[in-house]
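Given next are the chains, with one letter for each unit.
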Amino acid sequence: MVNFQNLRTVRWDGESIILIDQTKLPNKLTYLKCKTFNQLVDAIKRMVVRGAPAIGVAAAMGLALVAKNSNANTREELINELNEAGKILRATRPTAVNLFWAIQRILNKANLTLGNVNDLKLAIINEAQIMAEEDIETNRKIGYYGSQLINNGDTILTHCSTGTLATVSYGTALGVIRAAREEGKCIKVIATETRPALQGARLNAFELKEDGFDVTLITDNMVGYVMSKGFVNKVIVGADRITKDGYVFNKIGTYQIAILANKHNIPFYVAAPSSTFDLVSDWHDVMIEERSVDEVVMIKGRRIVPKGVKVLNPAFDITPPDLITALITDKGVLKPPYELSIRNAFS
Ligand code: MRU
């Protein structure tokens, strides 16, 4: 069994970034060492590392790598290099806002740090490591607040991968489930497979099983059935971006789960850190990542769809605030109306 207490999805080893290679799970738990910035960029694009908070910390460490490997002679040269690297990182995956938040935090740190180019390098490398530690603390806070909403004996349906593998460690939605178990509550989990990239089947079911949870996998189209049968008490999902009025961008399929939960009077919770909140963008303006159609038409390297059939592959969807019972954050549990509760939490 894998010890998830000590597992780190993203780690800085002093000279490179160590990532759990999520493309190899669940068959092999292996690590990818990124020694160059380009390797890290490629790892984010290929979803070696994925999950909004994990992508954010990986991006911060990518900038730390740029700083470490830089030959810049002046702080201005280094800041220019970091700005250029930030542009490349921002183009990797457009929807999860944690990526943009993390890049900005490192750039701010660079701009505000006094001293010579070496002082700047050290400050940036240090900041990226602080962000990794903070991610775990934040998830524990989310878990603490969220576990108050969970009852002993609950069966919780969750979507995509939201645990250690989507963060540095512990998780958001899965962190809430972990925290409830730590309080002695007996919890069962229903995990959706999460087509097309199968984060639920490959990653969440792996993590839940290895961590000793009672987990049952369903395909995405079984959600209505299990709810209608009374098998589900609560839904908890994560988020990739939450706007100031409570629109939740999360893995494709989340929206239909929210509608089904609403139809069956099942509470629908979203667990996310402060870095997932985008208090600036209008929800209409947020870009939904379109991924390669190969994710949909190919299974294990074999084509399952006739050539010439048109295919869509949006990676995320949008759940409107009226379907959300509460947002579980590191600042506490936010209730509707979200425009007000989010404003109060972040003021
Ligand atoms: O495309 P992915 O695997 O990066 O998408 C991940 C999700 O949508 C998660 O549900 C989300 O990041 C919240 S998990 C902390």
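This one's a predicted model, so the numbers in the text were calculated from it and none came from an experiment.

## Thoughts on the layout of surface pockets
In this approach, a probe sized like a water molecule rolls over the atoms, and the result shows the empty space that is left. Of the volumes computed, that of the largest pocket is approximately 560 Å³. Those elements that provide at least two residues to the lining of the largest pocket are α10 (294-297) and β12 (298-299). For the lining of the largest pocket, the class distribution of residues is six nonpolar, three polar and seven charged. Built from parts of two domains, the lining of the largest pocket gets at least three residues from each of domain 1 (4-140) and domain 2 (141-346). Forming the walls of the second largest pocket are 15 residues, and the residues nearest its centre are Arg-195, Pro-196, Asp-220, Ile-252 and Gly-253. Among the residues forming the lining of the second largest pocket, the class breakdown is seven nonpolar, six polar and two charged.

## Notes on the domain arrangement of the protein
As assigned here, the protein comprises domain 1 (4-140) and domain 2 (141-346). Distance between the C-alpha centres of domain 1 and domain 2: 24 Å. Carbon and sulfur atoms make up 56% of the area that domain 1 and domain 2 hide from each other, which totals about 3200 Å². If you sort the residues of domain 1 by the area they bury against domain 2, Phe-4, Thr-95 and Arg-140 come out on top, with a joint share of 24%. At the junction of domain 1 with domain 2, the criterion picks out two salt bridges. We note a salt bridge from Arg-93 to Glu-289, for which the minimum N-O separation is 3.0 Å. For the pair domain 1 and domain 2, the interface holds 30 residue pairs in polar contact (both at pLDDT 80 or more). Within the residue set of the side of domain 1 that touches domain 2, elements represented by two or more residues are α2 (52-69), α4 (97-112) and α5 (117-147). If you tally residues by element for the side of domain 1 that touches domain 2, the top one is α5, at seven residues.

Definitions and limits used
Residues numbered from 1 in each chain as written. Predicted model: local features only at pLDDT ≥ 70, side-chain atom pairs only at ≥ 80, totals over all residues. Heavy atoms only, no water. 1 Å grid on protein atoms, 1.4 Å probe; cavity = no way out; pocket = protein on both sides within 12 Å on 5 of 7 lines; lining within 4 Å. Points joined across faces, edges and corners; volume = space filled by probe spheres on them. Helix = DSSP H or I, 4+ residues; strand = E, 2+ residues; numbered from the N terminus. Nonpolar A, V, L, I, M, F, W, Y, C, P; charged D, E, K, R; others polar. Domains from an automatic or database assignment. Buried area = accessible area lost by both parts, 1.4 Å probe. Salt bridge = Lys/Arg side-chain N within 4 Å of Asp/Glu carboxyl O. Polar contact = N/O pair within 3.5 Å; in protein donor to acceptor, adjacent residues only side chain to side chain.

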